[in-house]
Amino acid sequence: NSTVVKTLKKKTFKISSVKSSRKKSIVVKAPAQKQMKGYQIQYSTSKSFSKKSTKTVKIATTKNLNKTIKGLKSGKKYYVRVRAYKTYNDAKFYGAWSKAKAVTTKK
């Protein structure tokens, strides 16, 4: 169990791209993570990801991440970060957060 946690904490990856192709939405892409069960995406208007302005989305997939997040404010700057998770004995273990990428939604 502790071995799973140690290897996951070291497991980081880069976000392939974060783009705003439509008003009030962004598309987050990341490469597939072997042996992982899914991803968590956090997006925020705060560079430091303060609790008040941060939202989290969980995606259960072992394939490449390609997620559109809708319902955002147009013309606003958002910071996005991603991490992968794995389940082991019904418990979820999370990897480290990727470096945050900034994107401005289209007006």
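In this text, all values refer to a predicted model and were calculated from it rather than measured experimentally.

Calculation criteria
Position numbers for residues count from 1 along each chain, tracking the sequence in the order it is written. Per-residue local features are limited, in this predicted model, to residues with pLDDT of at least 70; the limit for side-chain atom pairs, both in listing and counting, is 80 or more; totals at the level of whole chains, interfaces and linings are taken over all residues. The side-chain values count all of the structure's non-hydrogen atoms but skip hydrogen atoms and water molecules. The criterion is simple. A nonpolar core is a set of buried Ala, Val, Leu, Ile, Met, Phe, Trp, Tyr and Cys residues joined through side-chain atoms within 4.5 Å. Note on classification: 1.4 Å probe, protein chains only; a residue is buried when its accessible area is under 20% of the maximum for its type, exposed when over 50%, partly exposed between these limits. Counting from the N terminus, the helices are the DSSP runs of H or I reaching at least four residues and the strands are the DSSP runs of E reaching at least two. Note on contacts: a residue pair is in contact if any heavy atoms of the two residues lie within 4.5 Å. By the convention used here, strands pair only if DSSP detects at least 2 bridges between them. Each axis is a line fitted through C-alpha atoms, taken for helices only over the stretch in contact, and angles between the N-to-C directions span 0 to 180 degrees.

(A) Seen up close, the nonpolar core. Grouped together as the largest cluster of nonpolar side chains are 20 residues, with contacts concentrated most on V28, I41, L65, V80 and V82. The set of elements that each furnish at least two residues to this core consists of β2 (25-30), β3 (38-44), β4 (54-59), β5 (65-70) and β6 (77-88). Apart from residues no more than four positions distant in its own chain, V28 is found in contact with I15, S17, I41, L65, N66, K67, I69, V80 and V82.

(B) Main features of the sheet that holds β5. On the basis of which strands lie adjacent, the open sheet formed by three strands has the order β1-β2-β5 and antiparallel pairing. Looking along the sheet, the strands with just one partner apiece sit at the ends: β1 (17-19) and β5. Direction aside, neighbouring strands of the sheet carry axes that sit 10 degrees apart on average. Where β1 meets β2, three bridges bridge the pair, whose relative direction is antiparallel. Across the sheet, the residue bridging to S17 is K29, located in β2.

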